[in-house]
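# Observations on the three-dimensional arrangement
Single-letter residue listing:
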Amino acid sequence: MRTRDPRRLVAASALLATASAVASLSAPVGTGAFTLTGDLLDLGQRDFRVLNNFSDPSANDNTTPHPDFPGVLGATQAIWKAHLEWSSVPFAGTGDQDPTQTVLGDGGANYDASFQGEITSAPGSNGNVHRELFDPNPGGVLAFTELPSSDGWTINYLSSVTWQDGPGDDGATDLQAVATHEIGHVLGLGHSSAGGATMAPFLTGGVSQRSLSADDVAGLQAVYGAAPASKPVITALGGTMLQASTLTIHGGGFAPFGNTVWFTSAAADGTPAMVSGVTSSAGGTRIDVTLPPDAADGSVLVLAGGATGASLSNEWPLDVVEHFTDLGPSGIGGLFGEPRLTGSGDTAPGGGPFTLVCQGGIPTQTSFVFLSTTVTPVPFYGGTFYPFPIAAQRVVPFNGAGVWSVTTAFGPAVPSGFEVALQCAHEDLAAPFGVSASNGLLVTVE
Ligand SMILES: [Zn+2]
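Model, not experiment: these values are computed from the prediction. (Residues numbered from 1 in each chain as written. Predicted model: local features only at pLDDT ≥ 70, side-chain atom pairs only at ≥ 80, totals over all residues.)

### Considerations on the overall build of the protein chain
Applied cut-off: By definition, any uninterrupted DSSP run of H or I lasting at least four residues is a helix, any uninterrupted run of E lasting at least two residues is a strand, and each is numbered from the N terminus. The burial label depends on the number of other C-beta atoms within 10 Å of a residue's C-beta. Counts of 20 or more mean buried, 12 or fewer mean exposed, and intermediate counts mean partly exposed, with C-beta atoms placed from the backbone. Any pair of residues counts as being in contact when their C-beta atoms, constructed from backbone geometry, are within 7 Å of one another.
Scanning the protein chain from terminus to terminus reveals five helices and 27 strands. The principal-axis extent of the C-alpha atoms belonging to the protein chain is close to 90 × 45 × 35 Å. The proportion of buried residues among the 446 residues of the protein chain is 46%. Summarising the internal contacts of the protein chain: among those between residues at least 6 apart in sequence, 70% fall at separations of at least 24.

### A closer look at the domain arrangement of the protein chain
Test applied: Throughout, the edges of the domains are those of an automatic or database domain assignment.
Per the domain assignment, the segments making up the protein chain are domain 1 (3-224), domain 2 (233-318) and domain 3 (324-444). Computed over C-alpha atoms only, the centres of domain 2 and domain 3 are separated by 32 Å.

### Some thoughts on the environment of Ser313
Considering the arrangement of structural elements, one finds Ser313 in the loop between strand E15 (295-303) and strand E16 (316-318). The residues touching Ser313, leaving out its near neighbours within four places in the chain, are Asp112, Pro232, Val233, Ile234, Gly251, Leu301 and Val302.

### Some details on helix H4 (residues 175-186)
Every α-helix carries 3.6 residues per turn, so stepping three or four residues along brings you back to the same face. Quick reminder of the rule: How far a helix is expected to stretch is found by multiplying one less than its residue total by 1.5 Å.
In this model, H4 (twelve residues) spans 16 Å end to end at C-alpha, consistent with the 16 Å of a helix rising 1.5 Å per residue. The element H4 is extensively covered by neighbouring structure, given that twelve of its twelve residues are classed as buried. Following H4 by one or two positions, Gly188 has its phi on the positive side, about 110°.

### Observations concerning helix H5 (residues 214-224)
Burial of H5 is extensive: eight of the eleven residues sit out of reach of the surface. Along H5, the residues classified as buried are Asp215, Asp216, Val217, Ala218, Gly219, Leu220, Val223 and Tyr224. Those residues of H5 hidden inside the fold are in contact with H4.

### A few points about the packing of helix H3 (residues 74-85) against H4
As a reminder, the rule being used: Every axis corresponds to a line fitted to the C-alpha atoms, with the helix fit spanning only the stretch in contact, and the corresponding angles, defined between N-to-C directions, vary from 0 to 180 degrees. Note on terminology: angles under 35 degrees are roughly parallel, angles over 145 are roughly antiparallel, angles of 65 to 115 are roughly perpendicular, and the others are oblique. For any helix crossing, the convention is left-handed if the near helix is rotated counterclockwise from the far helix by under a right angle, and right-handed if that rotation is clockwise.
As a packed pair, H3 and H4 sit with axes 8 Å apart at the nearest point and diverge in direction by 45°. Overall, the two elements H3 and H4 adopt an arrangement that is oblique. Judged by the twist between their axes, the crossing of H3 over H4 is right-handed. Between H3, through Ala75, Ala78, Ile79, Lys81, Ala82, His83 and Glu85, and H4, the contact on the second element is made entirely by Leu175, Gln176, Ala179, Thr180 and Ile183.

### Structural notes on the nonpolar core
Here is the rule: Joining buried Ala, Val, Leu, Ile, Met, Phe, Trp, Tyr and Cys residues through C-beta atoms within 7 Å gives a set, and that set is a nonpolar core.
Ranked by size, the top nonpolar core spans 79 residues in total, and within it Leu175, Leu187, Leu220 and Val302 carry the most contacts. Counting contributing residues per domain, this core is built from domain 1 (3-224) and domain 2 (233-318), each supplying no fewer than three. The residues touching Val302, leaving out its near neighbours within four places in the chain, are Pro232, Ile234, Ile249, Phe254, Asn259, Val261, Ile287 and Ser313. The next biggest cluster of nonpolar side chains, apart from the first, holds 20 residues, and it includes Phe324, Leu356, Leu422 and Val443.

### Focus: the sheet that holds strand E18 (residues 340-345)
Applied cut-off: When DSSP finds two or more bridges between a pair of strands, those strands are recorded as paired.
Across the sheet, which stays open at both edges, the three strands sit in the order E18-E19-E24 with antiparallel pairing between neighbours. Each edge of the open sheet is held by one strand with a lone partner, namely E18 and strand E24 (403-408). Between one strand axis and the next, the sheet turns by 15° as a mean value, whatever way the strands run. As judged from the six bridges shared by strand E19 (residues 354-359) and E24, these two strands associate in the antiparallel manner. Residue Thr355 lies in a different strand from E24, and its bridge partner there is Thr407.

### Describing the sheet that holds strand E11 (residues 246-252)
Here we have three strands laid out as an open sheet, ordered E10-E11-E14, and antiparallel in their pairing. The sheet is open, and its two edges are formed by strand E10 (233-238) and strand E14 (286-290), each paired on a single side. Within the sheet, the average angular offset between the axes of one strand and its neighbour, ignoring direction, is 30°. Relative to E11, E10 runs antiparallel, the two being bridged by five bridges. Residue Gly238 lies in a different strand from E11, and its bridge partner there is Thr248.

### Focus: the pairing of strand E25 (residues 419-427)
Burial of E25 is extensive: seven of the nine residues sit out of reach of the surface. As paired elements, strand E20 (residues 366-372) and E25 share five bridges and run antiparallel to each other. The residue bridging Ser372 from the neighbouring strand is Ala421, located in E25. Alignment of E25 against strand E27 (residues 440-444), held across four bridges, turns out to be antiparallel.

### Regarding the confidence of the model for the protein chain
Counted only if it meets this: What pLDDT expresses is the predictor's confidence in each residue, scored from 0 to 100.
Predicted confidence across the protein chain gives a mean pLDDT of 89, with 91% of residues reaching 70 or more. Of the regions scoring below 50 in pLDDT, residues 1-30 engages in 55 contacts with residues more than four places distant in sequence or in other chains. In the predicted structure, residues 240-244 sits below a pLDDT of 50 and forms 15 contacts with residues beyond four places in sequence or in another chain.

### Regarding the environment of Ala268
Its location among the elements puts Ala268 in the loop between strand E12 (259-265) and strand E13 (273-278). Classification of Ala268 by C-beta neighbours within 10 Å gives partly exposed; the count is 18. For Ala268 and Gly93, which are 175 residues apart along the polypeptide, the C-alpha to C-alpha distance reads 26 Å. Aside from chain neighbours lying at most four places away, what touches Ala268 is Arg49, Gln116, Gly117, Glu118 and Ile119.

Encoded structure:
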């Protein structure tokens, strides 16, 4: 049976009316002032989704992309941060993604969530969804969580409240702070009498409740257990998840065999896209996995066998955007067929390096590489040329195997999202019009 959370986070006005009572109930942090509801999320309930139907412009006025929240802005980014604050270790290694907190990821327990995307319509109860709920009557309540959560949950943010998405504090009710509190209820925590606790029954205003207190952490660990040293951890992603769609996961505590890698699913149906039966190497510190076709921008986690939170790693951001996009064939090959132009590596501004390789050329022949900031397919020696109008060109020799390779990097001032189209061509008397050209390649700075 579904019940509304009777322990609702109430509005600042109510806080003002009862401030002295709250103060008199306050206890020093760390005295076990937290309370528990009996709810516990098993591994089948670690997903969450956001129905970003917030009606206030201030709930979605953060339009600055953050590399650790791929493809996510506004209210959704704020709610994802709220989940991450309860996670086992600092997010993406540093936990420095929120300017109002020292560290994002303070839980230290056997609990980590899996972001499963934004949805456009409510899936009904128990869908593990955050949403705004229409409320024509402003009152003391800001938000409530449908409990029990062990079989699924919904967090409702009332439309009578003016919500703000951060990342700073702009005066309206802080969505991230309230979300952090409501997620605490989802995780099995009731209200706490500890001073400064996120699970205090009243919103203290501003952004302070975005950050867990020691009492909140103690409550979380009482439900899920403190994370043991053996808990799997992701510390970096690498390799090329680009043309080969292979992702390398670095970390520790991975099982030799039988790992399952969870991805944010493009279906956004509340179930992670998964690759199971994955082996690790290098003493359980490395996993190489092929991205499943339904993996979307979001995150990745590793379940190292087992069926408890102690076997599930932290959540790590994953951007599956193709940084190297094949624009199509030139259609003009000669002695060795059509040359093949590919890219791999890091195309972030100020990052890098990334490498461009052209294969299938004529040994020691000169190759001309053409660049453009626009893609306009135009006729070219009987085929198709993509980087037009040409902004620059460069001469590179093929080696004795008919291959050239160029390693370079984008400077820090190159804006994210900037694109460069490339194609190479060389004289080839075996080609119909005396010129062979590679496919076009679009490199996206990100
Ligand atoms: Zn509450």
